[in-house]
Amino acid sequence: MKKRHEQKLIILSVGLLIAFSIPVSLLFNNEREIFGYPMILVYLFAVWMISIIISFVIIKKYDE
């Protein structure tokens, strides 16, 4: 894997560190529900799923 693709994964990791930090996560801790699930759970699982998809695309597209 080339250096720039490793850098993309590092940027993704830093973004996830920020997205999963307590102050950002608590922004979604409210009484609203989406399809019967609390907003914070929807946020956490959505960020997790998006990060898996992005890392899969980076690795699959640039795997050499």
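See the structure shown above.
Let us look at the structure shown here. (Residues numbered from 1 in each chain as written. Predicted model: local features only at pLDDT ≥ 70, side-chain atom pairs only at ≥ 80, totals over all residues. Heavy atoms only, no water.)

### Re the environment of N30
Turning to step 1, where the next piece is worked out: In this fold, N30 is placed in the loop between helix 2 (22-26) and strand 1 (33-34).
Turning to step 2, where the next piece is worked out: Spatially, the C-alpha atoms of N30 and I40 are 7.5 Å apart, while their sequence positions differ by 10 residues.
Turning to step 3, where the next piece is worked out: A polar atom in the side chain of N30 sits 3.3 Å from the backbone nitrogen of R32. (Helix = DSSP H or I, 4+ residues; strand = E, 2+ residues; numbered from the N terminus. Polar contact = N/O pair within 3.5 Å; in protein donor to acceptor, adjacent residues only side chain to side chain.)

### Some points on unusual backbone geometry
Turning to step 1, where the next piece is worked out: You will see that F35, though not glycine, has its phi angle at about 55°, which is positive.
Turning to step 2, where the next piece is worked out: Mapped onto the elements, F35 comes out in the loop between strand 1 and strand 2 (37-38).

### Some remarks on helix 1 (residues 3-19)
Turning to step 1, where the next piece is worked out: Given a rise of 1.5 Å per residue, 17 residues ought to cover 24 Å, and the 24 Å separating the end C-alpha atoms of helix 1 matches this to within 8%.
Turning to step 2, where the next piece is worked out: Among the residues of helix 1, those classed as buried are H5, L12 and A19. All buried residues of helix 1 lie within an arc of 35° about the axis, which places them on one face of the element. Facing away from the buried side of helix 1, by more than 90 degrees, are the exposed residues K3, I10, I11, L17 and I18.
Turning to step 3, where the next piece is worked out: Residues of helix 1 that are buried sit in contact with helix 2 and helix 3 (39-62). (Expected span 1.5 Å × (residues − 1). Buried < 20%, exposed > 50% of the residue type's maximum accessible area, 1.4 Å probe, protein only. Arc of directions from axis to C-beta. Contact = heavy atoms within 4.5 Å.)

### Considerations on helix 3
Turning to step 1, where the next piece is worked out: If you check helix 3, its first and last C-alpha atoms are 34 Å apart, about what 24 residues at 1.5 Å a residue would give, namely 34 Å.
Turning to step 2, where the next piece is worked out: For helix 3, the set of buried residues is M39, Y43, V47, S51 and I58.
Turning to step 3, where the next piece is worked out: Tucked inside the fold, the buried residues of helix 3 contact helix 1, helix 2, strand 1 and strand 2.

### Here we look at the packing of aromatic side chains
Turning to step 1, where the next piece is worked out: In total, this model carries 2 aromatic pairs according to the counting rule given.
Turning to step 2, where the next piece is worked out: Taken together, a centroid distance of 5.8 Å and an interplanar angle of 45° make the contact between F45 and W48 tilted. Highlighted residues: F45 and W48, both in helix 3, separated by 3 residues, approximately one helical turn.
Turning to step 3, where the next piece is worked out: By relative accessible area, which is 48% here, W48 ends up partly exposed. (Phe/Tyr/Trp six-rings, centres within 6.5 Å; stacked < 30°, edge-to-face > 60°.)

### Focus on a nonpolar patch on the surface
Turning to step 1, where the next piece is worked out: A surface patch of nonpolar side chains, about 500 Å² in accessible area, is lined by F20, L41, F45, W48 and I52.
Turning to step 2, where the next piece is worked out: Turning to its location among the elements, L41 is positioned in helix 3.
Turning to step 3, where the next piece is worked out: On the basis of relative accessibility, which here comes to 38%, the residue L41 falls in the partly exposed class. (Patch = residues over 30% accessible without salt bridge, like charges linked within 9 Å, V, L, I, M, F, W, Y side chains within 5 Å. Areas by Shrake-Rupley, 256 points an atom, 1.4 Å probe, with all protein chains shown as cover. Salt bridge = Lys/Arg side-chain N within 4 Å of Asp/Glu carboxyl O.)

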